[in-house]
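# A closer look at the structure
Given next are the chains, with one letter for each unit.
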Amino acid sequence: IFDTATKISSITQISRVAGLVRGTGSDLIFDLVPKSYGLNIDETIISSGQDGIWPKGLVIGRIAAIDSDQNQIFKIAHLESLVDWSKLDQVFIILP
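So, here is what we can say about the structure in this document. (Residues numbered from 1 in each chain as written. Predicted model: local features only at pLDDT ≥ 70, side-chain atom pairs only at ≥ 80, totals over all residues. Heavy atoms only, no water.)

## Side note on the overall build of the protein
To be explicit about the condition: Secondary structure elements follow DSSP: runs of H or I no shorter than four residues count as helices, runs of E no shorter than two count as strands, and numbering proceeds from the N terminus. The reference for a compact globule is 2.2 Å times residues^0.38; the radius of gyration itself is calculated from the C-alpha atoms. A residue counts as positive if it is Lys or Arg and as negative if it is Asp or Glu; His and the chain ends are not included. A single reference atom marks each charge: NZ on Lys, CZ on Arg, CG on Asp, CD on Glu.
A count of helical and extended segments in the protein gives zero helices and six strands. Helices (α) and strands (β) of the protein occur, in sequence order from the N terminus, as β-β-β-β-β-β. Over its C-alpha atoms the protein spans a radius of gyration of 13 Å, differing by no more than 12% from the 12 Å that the globule rule assigns to 96 residues. Projected onto its principal axes, the C-alpha positions of the protein cover 40 × 25 × 25 Å. With 8 positive and 11 negative side-chain charges, the protein shows a separation of 6 Å between the mean positions of the two kinds.

## Focus on the pairing of strand β1 (residues 7-12)
Rules: Each residue gets one of three labels from its accessible area relative to the maximum for its type: buried under 20%, exposed over 50%, partly exposed in between, using a 1.4 Å probe on protein chains only. One requirement defines pairing of two strands: DSSP has to find at least two bridges between them.
Among the six residues of β1, five are classified as buried, and the element is accordingly described as predominantly covered. Pairing between β1 and strand β2 (residues 18-23): five bridges, direction antiparallel. Within β2, the position partnered with Ser9 by the bridge is Leu20. Here β1 folds back onto β2 in antiparallel fashion, the turn holding five residues, of which Arg16 has a positive phi close to 65 degrees.

## Here we look at unusual backbone geometry
For Leu32, which is not a glycine, the phi torsion comes out positive at approximately 65 degrees. Inspection of the secondary structure assignment puts Leu32 in strand β3 (residues 28-34). Phi at Asp42 takes a positive value of approximately 75 degrees, unusual for a residue other than glycine. Its place among the elements puts Asp42 in the loop between β3 and β4 (44-47). The exposed category is assigned to Asp42, whose relative accessible area is 52%.

## Points about the pattern of salt bridges
Quick reminder of the rule: The salt bridge criterion pairs a side-chain nitrogen of Lys or Arg with a carboxyl oxygen of Asp or Glu, the two atoms within 4 Å.
Taken as a whole and judged by the stated rule, the model has two salt bridges. Notably, a salt bridge pairs Arg22 with Asp31, separated by 2.9 Å at the nearest N-O pair. Taking the relative accessible area as the measure of exposure, Asp31 reaches 11% and is therefore buried. Arg62 is the salt-bridge partner of Glu80, the closest N and O atoms lying 3.7 Å from each other. Here Glu80, found in strand β6 (residues 74-80), pairs with Arg62, found in strand β5 (residues 59-67); they are 18 residues apart in sequence, far enough to count as distant.

## Considering the sheet that holds β4
Pairing between the strands of a sheet is mediated by backbone hydrogen bonds and can be parallel or antiparallel. The following threshold applies: Here an axis means a line fitted to C-alpha atoms, over the contact stretch when the element is a helix, while the angle between two N-to-C directions is reported on a 0 to 180 degree scale.
Around the barrel, which closes on itself, the six strands sit in the order β1-β2-β3-β6-β5-β4 with antiparallel pairing between neighbours. Each adjacent strand pair in this sheet contributes to an overall mean axis angle of 40 degrees, direction not counted. By the bridge criterion, three bridges tie β4 to β5 in an arrangement that is antiparallel. Pairing of Thr44 across the sheet is with Arg62, part of β5.

This is the structure in structure tokens:
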């Protein structure tokens, strides 16, 4: 999920703001959110199912910080994973 090639169509769980979760190699960001849309710290991000790859409703992470530069069109939220990857010992693989 942290891979730079990973892109997941996503929404915020409560306010239903749509965006795209991308891996940066070591972090996750929620990108392509119009500046006029409200994002809230600690709000949970889930997959929307709109990309046809990831099923709807998978929990991806929680908003830890929000960047909204005046010169940019979109907001970017930095996500905190809800999984402690160092303790992960089992995985569930979803096949089509």
